[in-house]
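Structural features, examined
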Amino acid sequence: MGFNCGIVGLPNVGKSTLFNALTESAAAEAANYPFCTIEPNTGRVAVPDARLNELARLAKSAQILPTQLEFVDIAGLVQGASKGEGLGNQFLGNIREVDAIAHVLRCFEDSNITHVDAVIDPVRDAETVETELMLADLESVEKRLETLIKKARGNDADAKALMASMEKIRDGLAAGIPVRAITTLTEDERKELPHWQLLTAKPVLYVCNVGEADAAKGNPHTEAVAAKASAEGANMVIVSAAIEAEIATLDASERREFLSELGLEEAGLARMIRAGYRLLNLITFFTAGEKEARAWTVAKGAKAPQAAGVIHSDFERGFIRAETISYEDYIAHQGEAGAKEAGKLRIEGADYQTQDGDVFHFRFNV
């Protein structure tokens, strides 16, 4: 199941440095000039979840396998991208392929690293990128409307219905409103948004890249971004790409000591990964046994057979039932046997909606 988050932003904001730290690799060359990343680099990262270690301890699992999230490092955008400036067409095309956007904003001062607009202003930078995405969406919607109008003249009922939706989106974009914030769309229309591949329909996480001294508490730049995010109902995290790049080279004990010296409880990337996971509206379920304890990803609202299908398509095809223990009950009763004895193991059918933290054992027959 491929859920991915595209890392976007203006040139020289720290996108590739963050990507390298995320994947603990040098897959994306980080350099002090625009368009260093020509082809989008992709990396899968483990989603931090302390629950998995507790399950493994109680199940005496030989192996621990966390769930993963995919990040895509996309070339930097410049003003005019919607008209093909810089690597505009490629940039926009790459964004269409991701499920959500992690928008990296430069919130640090450094005269040795150039900025395309000379002055550091992350809110302006965010608006520059958003404007280019809205312009690209507006052009796309207007082209679709031209086709729909012709079909509607021929009394095509589907075309007429879709035309009404597209007109709402066009009017919102023309007023400077990203698609995800257009309030006139119905719930059914919102469900169709992923099929239309509109750039500003994608959920956004603002990632404030700060200097080492501001990693714990942020600075006036991050406060401005926080205000913008709050007004939009969006999320933001503070990360220092420089710190994360250094952490990536350390072992576990060295990382803890390094973070402690900086007054940080955990790496910023751990918060970024979890925030991206939530942004995609994902939840985690578990399987646990002597062989392995494993976390799995499923979309919120998925039914038990769909969760089973994440493990193997045969599990979904031949689904009979799901033997289910909540994480809290599994821990409180010291494992599967204790939970069963306490009557906390439930038998759930095909209509059961998977809950975050469910510990499953699926029964199936193919």
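Below or above, wherever it landed, is the structure these notes cover. (Residues numbered from 1 in each chain as written. Predicted model: local features only at pLDDT ≥ 70, side-chain atom pairs only at ≥ 80, totals over all residues. Heavy atoms only, no water.)

Applying the stated criterion across every chain, the model contains 17 salt bridges. In this structure, Asp 356 engages Arg 51 in a salt bridge whose closest nitrogen and oxygen atoms are separated by 3.0 Å. Of this pair, Asp 356 sits in the loop between strand S11 (346-348) and strand S12 (359-364) while Arg 51 sits in helix H2 (residues 50-59), and the two are 305 residues apart along the sequence. Looking at Asp 356, the relative accessible area reads 42%, which means it is partly exposed. As a salt-bridge pair, Arg 124 and Asp 125 come within 2.9 Å of each other at their nearest N and O atoms. Judged by its relative accessible area of 22%, Arg 124 falls in the partly exposed class. Taken together, the salt bridges that share partners define one network made up of Asp 49, Arg 51 and Asp 356. (Salt bridge = Lys/Arg side-chain N within 4 Å of Asp/Glu carboxyl O. Helix = DSSP H or I, 4+ residues; strand = E, 2+ residues; numbered from the N terminus. Buried < 20%, exposed > 50% of the residue type's maximum accessible area, 1.4 Å probe, protein only.)

Scanning all chains against the criterion turns up eight aromatic pairs. Between Phe 286 and Tyr 327, the ring centres sit 6.4 Å apart and the planes meet at 45°, which makes this aromatic pair tilted. Of this pair, Phe 286 sits in strand S8 (residues 282-288) while Tyr 327 sits in helix H13 (residues 327-332), placing them 41 residues apart in sequence. Exposure remark for Phe 286: the relative accessible area of 0% places this residue in the buried category. Where Tyr 352 meets Phe 360, the ring centres are 6.3 Å apart and the plane angle is 90°; that geometry is what we call edge-to-face. Across the pair, exposure class does not vary: Tyr 352 and Phe 360 are buried alike. An aromatic cluster is present here, built from Phe 285, Trp 296, Phe 319, Tyr 352, Phe 360 and Phe 362 joined pairwise through their rings. One Lys or Arg, Arg 51, reaches over the ring of Tyr 327 and ends 5.9 Å from the middle of that ring. (Phe/Tyr/Trp six-rings, centres within 6.5 Å; stacked < 30°, edge-to-face > 60°. Lys NZ or Arg CZ within 6 Å of the ring centre and 35° of its normal.)

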